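# Structural characterization, general
Each chain, written out:
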Amino acid sequence: MKVEWKDIDSFTQEIFLDEYRIGKVRMIFSSQKWVVEPNFGYDDFFFDPKKQHDSAYKAGKVLADLHCRTFYLHDYAGWEETSVSEGEELYDEDPYDMNSWYKP
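I will try to describe carefully the structure that is included in this document. As the structure is a computational prediction, the values presented were derived from the model and not from experiment.

A tally of regular secondary structure across the protein gives 2 helices and 4 strands. For the protein, the α and β elements follow one another from N to C terminus as β-β-β-β-α-α. Counting across all 104 residues of the protein, residues that qualify as buried make up 25%. A sequence separation of at least 24 residues applies to 28% of the contacts in the protein between residues at least 6 apart.

This is how it looks when you write it as C-alpha cells:
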C-alpha cells in the first residue's frame, strides 16, 4: 500500500492510495488542524468526519485507513497478502444472493 500526498495549494492536499485518488485533506485556519474529505461513501462507524488531526500526514493516513476499512472490510487484517488471479472470484458466492440458494 503506497500513500502519496500531492499539493493542491498551501492548505489542501490530495491523497492517493496506490495511484488512485481517494480524497483530500484540508487545513482549518482557526484551529491550524487538518480534516479529512474522502471522495467515496463510508460508514460513520469507522470514521468521524469532524475529527481534526495535527498534520496532513496523519490525516492522510487516516484517510488511507478509512479506504481500506471500507473496501477491504472482509479481509482487512491481511488485505495486502490477498491475491486474486485474473478471472478468479474473491468469494465463491454471496450468501445474500437469492439465486445462490437455488443452485441445481
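Picking up after the structure, the text goes on.
On to the pattern of salt bridges. For the structure shown, the criterion picks out 6 salt bridges. Between glutamate 14 and arginine 21 there is a salt bridge; the shortest N-O distance is 2.6 Å. Via salt bridges that share partners, Lys24, Arg26 and Glu37 belong to a single interconnected network.

Counting 16 residues, the largest nonpolar core has Ile15, Leu17, Ile22, Val25, Trp34, Val36 and Leu63 as its most contacted members. Only strand S2 (12-17), strand S3 (20-28), strand S4 (33-38) and helix H1 (56-71) provide two or more residues apiece to this core. The dominant element in this core, judged by the number of residues it contributes, is H1, at 6 residues.

Attention shifts here to the packing of aromatic side chains. One pass over the full model with this rule turns up 2 aromatic pairs. Ring centres 5.2 Å apart and planes at 25° place the aromatic pair tryptophan 5 and tyrosine 57 in the stacked group. Taken together, the residues tryptophan 5 in strand S1 (residues 3-9) and tyrosine 57 in helix H1 connect sequence positions 52 residues apart. Judged by relative accessible area, tryptophan 5 falls into the partly exposed class, the value being 26%. Measuring from ring centre to ring centre gives 4.7 Å for phenylalanine 11 and phenylalanine 29, while their planes differ by 70°; the resulting arrangement is edge-to-face. Of this pair, phenylalanine 11 sits in the loop between S1 and S2 while phenylalanine 29 is found in the loop between S3 and S4, placing the two residues 18 residues apart along the sequence. Assessed through its relative accessible area of 33%, phenylalanine 11 is described here as partly exposed. Looking at phenylalanine 29, the relative accessible area reads 53%, which means it is exposed. The cationic tip of lysine 6 hangs over the ring face of phenylalanine 16; the distance from NZ or CZ to the ring centre is 4.8 Å.

Here we take up the sheet that holds S1. Reading across the sheet, the 4 strands line up as S1-S2-S3-S4 and stay open at both edges, with antiparallel pairing between neighbours. One side of each edge strand has no neighbouring strand; the edge strands of this open sheet are S1 and S4. The average undirected angle you get between the axes of adjacent strands in this sheet is 30°. Alignment of S3 against S4, held across 6 bridges, turns out to be antiparallel. If you follow methionine 27 over to S4, its bridge partner there is tryptophan 34. Across the sheet, H1 is in contact with S1, S2, S3 and S4; its angle to S3 comes to roughly 140°.

Reading the values: the criteria
Residues numbered from 1 in each chain as written. Predicted model: local features only at pLDDT ≥ 70, side-chain atom pairs only at ≥ 80, totals over all residues. Heavy atoms only, no water. Helix = DSSP H or I, 4+ residues; strand = E, 2+ residues; numbered from the N terminus. Buried < 20%, exposed > 50% of the residue type's maximum accessible area, 1.4 Å probe, protein only. Contact = heavy atoms within 4.5 Å. Salt bridge = Lys/Arg side-chain N within 4 Å of Asp/Glu carboxyl O. Core = buried A, V, L, I, M, F, W, Y, C linked by side-chain atoms within 4.5 Å. Phe/Tyr/Trp six-rings, centres within 6.5 Å; stacked < 30°, edge-to-face > 60°. Lys NZ or Arg CZ within 6 Å of the ring centre and 35° of its normal. Pairing = 2+ DSSP bridges. Axes fitted to C-alpha atoms, helices over the stretch in contact; angles between N-to-C directions.

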